[in-house]
Every structure is written in C-alpha cells, then in structure tokens.
Amino acid sequence: MNTIVNGLQWGDEGKGKIVDYLTEDADLVVRGQGGNNAGHTVIVGENKYILHLVPSGILWPDKQNVIGNGVVIDPIGLVQEIVTLEEQGVKIAPGNLLISDRAHVVLPYHCDLDAAQEQARGKFAIGTTRRGIGPAYSDKATRNGVRLADLLDPEMARELVSVRLQDANQFLSSHGMPPHDATTVLTAIEDALKRLRPHVTNTIPPLHDAWRSGKSIVFEGAQGTFLDIDFGTYPFVTSSNTTSGGACTGSGLPPVAIDRVVGVCKAYTTRVGEGAHVTENQEFSDYLHGLGREFGATTGRKRRCGWLDCVLLRFACMVNGVTDLAVTNLDGLDELEEIKICRAYDLDGTEQLFPPAQRDAWERAKPIYESHPGWKSDTSGCRTWDDLPENAQAYLNRLSELAGAPIKYVGIGPDREQTILL
Ligand code: GDP
Ligand code: IMO
Ligand code: MG
C-alpha cells in the first residue's frame, strides 16, 4: 500500500506526526519536494524531534528513508540536522537514508539571494524562510542549477558555480551584499559533502525494487496545497509542487504506484509568512499562542491562526485526490464556546465555493461562516471515535462533508499515541 501524505492548508498541518504514525506499517518513507524550509515535528514520549530534510520515517528503526530528486538540499543544513538527530540517539547510515544524486543543491549564495530578493520585493515580500529555496528552484528551472551528481566532480562543480556567480554577484552587490566566489563556496560545503557522500546514489532503482516487491511506501509531503507554486495563493507560495503530483515527479515513482492520498489538515487554519488568510482571527491567534501553540518549527515565527476554511479544503481535496483525511489539532478547539466554519467566500456579493486566482480578489473575499457549538471538554485522552464528545463528532462530520472526503485519522495531541483511527 503506497500512500502520499500532503498538507491541505498553508503547511504545518501535522504531516510529520501523521507520517510517523503511518511509518509503523510501512517499509520506506520518501520526500519528493521542498527543502529545509520544512519543519516537521514528531513527539515520541519525552522526545521531540524536528525534521527539515530527513524523512520522518528515520525515527523508526529498520525503515528505509529516501530524499528524492525533487528535493533541494542544503548540504550544510542537512549535516547539521543529521548531527542533531544523532545526538538525540537516532542512527543514520546509508542503510536507512539514501539521497538522490539528481537532487539540486542549495548553496550559500542561494540563501543570500533569497534575502536580497525579499528586500527587493519591498511591501510585496513573501516572508520566506530564507533557506534559499526560491533561488535554488529558479536555478533548476533556468538550467543553472548544481546537482549532487555534479558535485562529485570538483572541476565540473567549480565551473558551474563560477558561471552562475557571475550574475548572482551582480544582483547581490546591487542589494548591498558581499559577493561569493566558487572556491569559498565549494570549500564551505566540502566537509558536509564528505559526510553525505556514502548516502548519495541513484535512488530510482531501489525505489522501484521496493514497489515491485510489494513493500509499503509513504511519500512525505512538505508545505501545503496553498503554498503550491501552481495551486497556491500565488505569489505568496513556495517554489515547488507541494500537492500529490509532486510526490511522483519528485521521486521517480509513477502515478500507477500510488494507492491512496492522505490529506492532512488542522481542525482550524494557520499560516506563517505573508499572503491571504480569509478566516484569520486575532483573538483566536492570541488564544492559541497563549497556550504555547502555533509557533513555526523552522523559524519560530508566530503562525497566523483562524477558523477552519472549507473553501481551501474543498479545492485541496480535489487537486490532491484525497482519499482519506487526517484532521489534526482537534484539541486546540476544546475550550471554545462557539466554533466557526467558513463554507464559502463572498466575493463582491457573489458566493464562491473555490479559491480565486486573482491576487486582489483574495483581499476582497469575505468568509461566509456557519456556527457550531463547542464541546468544552478535554479530548486529549480520547482514543476512539466513540470517546469524542458528540459536538466534536458533529464538527468533524461537517468538515468532511464540506471538504468532500472521508476522515480516517483524528489528532487530539502531539504525541504518537494521540491519534484516533476511524
Ligand atoms: P508539519 O510541518 O505539517 O509536520 O507540522 P509542524 O510540525 O510544523 O506543526 C504541527 C504542530 O502541531 C507540531 O507542534 C506538532 O507537534 C503539533 N501537532 C500535530 N498534531 C497535533 C494534534 O493533534 N494535537 C496537538 N495538540 N498538536 C499536534
Ligand atoms: P512544512 O513542511 C509553513 C512558507 C514561508 C513563506 C512561503 C515561501 O513544515 O509544512 P520559502 O522559504 O519556501 O520560499 O517560503 O512558504 N513556508 C512554510 N510555511 N510550513 C512550511 O513547511 C513552509 N515552508 C515554507 O513561511 O510564506
Ligand atoms: Mg512545519
């Protein structure tokens, strides 16, 4: 059974926790897009792990993990992450982590370009994670990128980086940033590459062997549907296809290898960074932050919180082909008297069931809410559907109806154990 796990909102839906939960019954976990802009939190008992590039399956012994061709890899960041995980007792070797030689590399100048581009955008800044993601994917698309395979040949790498730096440096200096040179760049990543080299391989044959021999594969999505470069709130998006199609192009496993798509959403809506958020609510944000919840796992920024937006979910279930919903953080609503759900947008007096494409329409869209009574009780100890209060069940049923997909998992706490299977 091969399963894609995707975010249905603006990222941070709890994908890491759901991937970890599904890995128990799987053999392989594969990342196919994004980079270390992602921050996936997994809590196992007393231990908290935050994964950025390493697939969340690494926390289970004896599972294979693959960083696929569609991911952009910051070698220094990846090695730091590996070291941190090793300090936490996680064993990482080629036997449980393979890295695609076709993956593009995020180099130090990509991070500076990210910062310079944000500065140049002025009031249209995206609020990126500054991890060099946009510039690295741009270089891939304009065919100026450097892949891990290229770095195996130091002469080739030097030439590619030197050519790319000619106009990168021009842009950097026009934004008051120091230039880079190929030697310094390549020296900076030398140690990291040495650490990663044994893991780097053509990951496509082992993935196909696993598929053909009936092993179970989980595809770990990063970011969320509305950060997708095609389907998201463009231009306030990331630079990859975060939706289910990205799992195939990012891994080399074809669509016929996929059996199901688990769409992960919070029981409410959050976003970090700039851009539209139709149901954003300051009071609710303050409430969740007061509980110590909803701070970004990568940048520590406060997430902008709001009511459940089912216009987003309806569209996300369509474009991802969601077969099963995983609704997380239901417990975040436990204390509320009244809970709102946005079922449609009012755009200039007409009711819209789907998100608009025009940038300015997002600013004019008003949520059309329906109101639901809260359950005002602690759900964190619930372990079955029947344990959930009636009003929580009704809320989830309405979510499922509006999203157009059945619920299979409900999260009522951050721990591995706090997941209800329907
Ligand atoms: P990801 O990027 O989609 O993997 O999500 P993040 O890890 O960035 O953010 C999700 C946050 O919610 C993390 O702090 C998780 O530990 C936490 N979390 C996930 N599911 C639940 C849940 O059902 N209840 C609670 N209280 N926290 C959850
Ligand atoms: P996970 O996998 C939430 C957001 C950034 C910014 C926009 C573009 O943990 O869900 P980028 O650095 O990608 O160029 O930034 O996308 N963003 C995320 N928001 N979760 C993420 O990943 C994100 N990755 C990027 O905040 O708004
Ligand atoms: Mg996250």
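Going by the structure above, here's the rest.
Remember, predicted model here, so these are calculated numbers, not experimental data. (Residues numbered from 1 in each chain as written. Chains lettered and ligands numbered in written order. Predicted model: local features only at pLDDT ≥ 70, side-chain atom pairs only at ≥ 80, totals over all residues. Heavy atoms only, no water.)

## Digging into the site of ligand 2
If you check the shell around ligand 2, you find 20 residues, and the closest are Asp 12, Lys 15, His 40, Thr 129 and Thr 238. The separation between an oxygen atom of ligand 2 and a polar side-chain atom of Asn 37 is 2.9 Å. Measuring from an oxygen atom of ligand 2, one finds a backbone N or O atom of Gly 127 at 3.4 Å. Computed on the free molecule, ligand 2 has an accessible area of 550 Å², of which 98% lies beneath the protein chains in the complex. Of the residues in the shell around ligand 2, the class split is seven nonpolar, ten polar and three charged. (Near = heavy atom within 4 Å. Polar contact = N/O pair within 3.5 Å; in protein donor to acceptor, adjacent residues only side chain to side chain. Areas by Shrake-Rupley, 256 points an atom, 1.4 Å probe, with all protein chains shown as cover. Nonpolar A, V, L, I, M, F, W, Y, C, P; charged D, E, K, R; others polar.)

## So, the site of ligand 1
In the vicinity of ligand 1 lie 19 residues, with Gly 14, Lys 15, Thr 41, Asn 329 and Asp 331 positioned nearest. Alone, ligand 1 offers 580 Å² of accessible surface; in the complex the protein occludes 91% of this. Counting only elements with at least two residues in the shell around ligand 1, the list comes to helix H1 (15-23) and strand E3 (40-44). Sorting elements by how many residues they give to the shell around ligand 1 places H1 first, with three residues. Composition of the shell around ligand 1 by domain shows at least three residues from each of domain 1 (3-100 + 200-261) and domain 3 (264-421). (Helix = DSSP H or I, 4+ residues; strand = E, 2+ residues; numbered from the N terminus. Domains from an automatic or database assignment.)

## As for helix H6 (residues 154-174)
With 21 residues, H6 extends 29 Å between its outermost C-alpha atoms, agreeing within 8% with the 30 Å of an ideal straight helix rising 1.5 Å per residue. Along its length, H6 reaches its greatest deviation from straightness, about 40°, at Leu 165. Three or more residues of H6 are buried, namely Ala 157, Val 161, Arg 164, Leu 165, Ala 168, Asn 169 and Leu 172. Those residues of H6 that are buried lie in contact with helix H3 (108-121), helix H4 (133-141), helix H5 (148-151) and helix H7 (182-196). Positive backbone phi, approximately 70°, marks Gly 176, located one or two places after H6. (Expected span 1.5 Å × (residues − 1). Bend = angle between axes of the 7 residues up to and from the residue. Buried < 20%, exposed > 50% of the residue type's maximum accessible area, 1.4 Å probe, protein only. Contact = heavy atoms within 4.5 Å.)

## Concerning the coordination of the magnesium ion (ligand 3)
Protein coordination of the magnesium ion (ligand 3) is provided by Asp 12 (OD) and Gly 39 (O), with donor distances spanning 2.0 to 2.2 Å. Here Asp 12 is found in the loop between strand E1 (3-7) and H1, whereas its partner Gly 39 is found in the loop between strand E2 (28-31) and E3, with 27 residues between them in sequence. Among the residues examined, Gly 39 registers a relative accessible area of 12% and is labelled buried. (Donors = N, O, S within 2.8 Å, 3.2 Å for Na, K, Ca; no water.)

## Examining the packing of aromatic side chains
For the structure on display, the rule yields nine aromatic pairs. Judged by centre distance (5.0 Å) and plane angle (10°), the ring pair of Phe 284 and Trp 307 falls under stacked. With Phe 284 in helix H10 (residues 282-290) and Trp 307 in the loop between strand E13 (304-306) and strand E14 (308-309), the pair connects residues that are 23 residues apart, well separated along the chain. The class of Trp 307 is buried, set by a relative accessible area of 10%. Taken together through their ring pairs, the aromatic side chains of Trp 10, Phe 226, Phe 231 and Phe 315 make up a single cluster. Against the face of Tyr 369 rests Lys 340, its NZ or CZ located 5.3 Å from the ring centre. One residue, Arg 416, lies across the ring of Trp 60, its end atom 4.0 Å from the ring centre. (Phe/Tyr/Trp six-rings, centres within 6.5 Å; stacked < 30°, edge-to-face > 60°. Lys NZ or Arg CZ within 6 Å of the ring centre and 35° of its normal.)

## Structural notes on the pairing of strand E5 (residues 64-67)
Both faces of E5 are covered, namely the face carrying Gln 64 and Val 66 and the face carrying Asn 65 and Ile 67. In this sheet, E5 lies alongside E2 in parallel orientation, the contact comprising four bridges. For Val 29, the partnering residue across the bridge sits in E5 and is Asn 65. By the bridge criterion, three bridges tie E5 to strand E7 (residues 97-100) in an arrangement that is parallel. Looking across to E7, one finds that Val 66 is bridged to Leu 98. (Pairing = 2+ DSSP bridges.)

## Considering the environment of Trp 211
Tracing the backbone through its elements, the reader meets Trp 211 in helix H8 (residues 204-212). On a C-alpha basis, the gap between Trp 211 and Ile 368 in space is 45 Å, while along the polypeptide they are 157 residues apart.

## Observations concerning the side chain of Arg 164
For Arg 164, the location among the structural elements is in helix H6. In terms of polar contacts, Arg 164 uses its side chain to reach the side chain of Asp 167, at 2.7 Å. Those residues in contact with Arg 164 that lie beyond four places of it in its chain are Tyr 109, Leu 113, Asp 139 and Asn 144.

## Some words on the nonpolar core
Counting 65 residues, the largest nonpolar core has Leu 325, Leu 330, Leu 333 and Tyr 395 as the members making the most contacts within it. For this core, the element with the most residues is helix H11 (residues 310-320), which contributes seven residues. Summarising the domain contributions, this core has at least three residues from each of domain 1 (3-100 + 200-261) and domain 3 (264-421). Residues within four places of Leu 325 in sequence aside, it is in contact with Leu 8, Gly 263, Cys 317, Leu 399, Ser 400, Ala 403, Ala 405, Pro 406, Ile 407, Lys 408 and Tyr 409. Counting 42 residues, the second largest nonpolar core, distinct from the first, contains Ile 58, Val 71, Ala 182 and Val 185. (Core = buried A, V, L, I, M, F, W, Y, C linked by side-chain atoms within 4.5 Å.)

## Overview of unusual backbone geometry
Residues Tyr 234 and Pro 235 are joined by a peptide bond in cis, for which omega reads 5°. By secondary structure assignment, the location of Pro 235 is in the loop between strand E10 (217-220) and helix H9 (245-249). One non-glycine residue, Asp 348, lies in the positive phi region at around 50°. The phi angle at Lys 376 is positive, at roughly 45°, despite the residue not being glycine. Mapped onto the secondary structure, Lys 376 falls in the loop between strand E18 (366-373) and helix H13 (390-403).

## Quick look at the pattern of salt bridges
Enumeration according to the criterion identifies 21 salt bridges in this entry. Two residues, Asp 150 and Arg 147, come together in a salt bridge whose shortest N-O distance is 3.5 Å. With a relative accessible area of 13%, Asp 150 lands in the buried category. Here Asp 348 ties to Arg 364 by a salt bridge, and the two come within 2.9 Å at their closest N and O atoms. Here Arg 364 lies in helix H12 (residues 359-364) and Asp 348 lies in the loop between strand E16 (338-347) and strand E17 (350-352), a separation of 16 residues in the sequence. (Salt bridge = Lys/Arg side-chain N within 4 Å of Asp/Glu carboxyl O.)

Without other data, these values stay purely geometric and don't point to any function.
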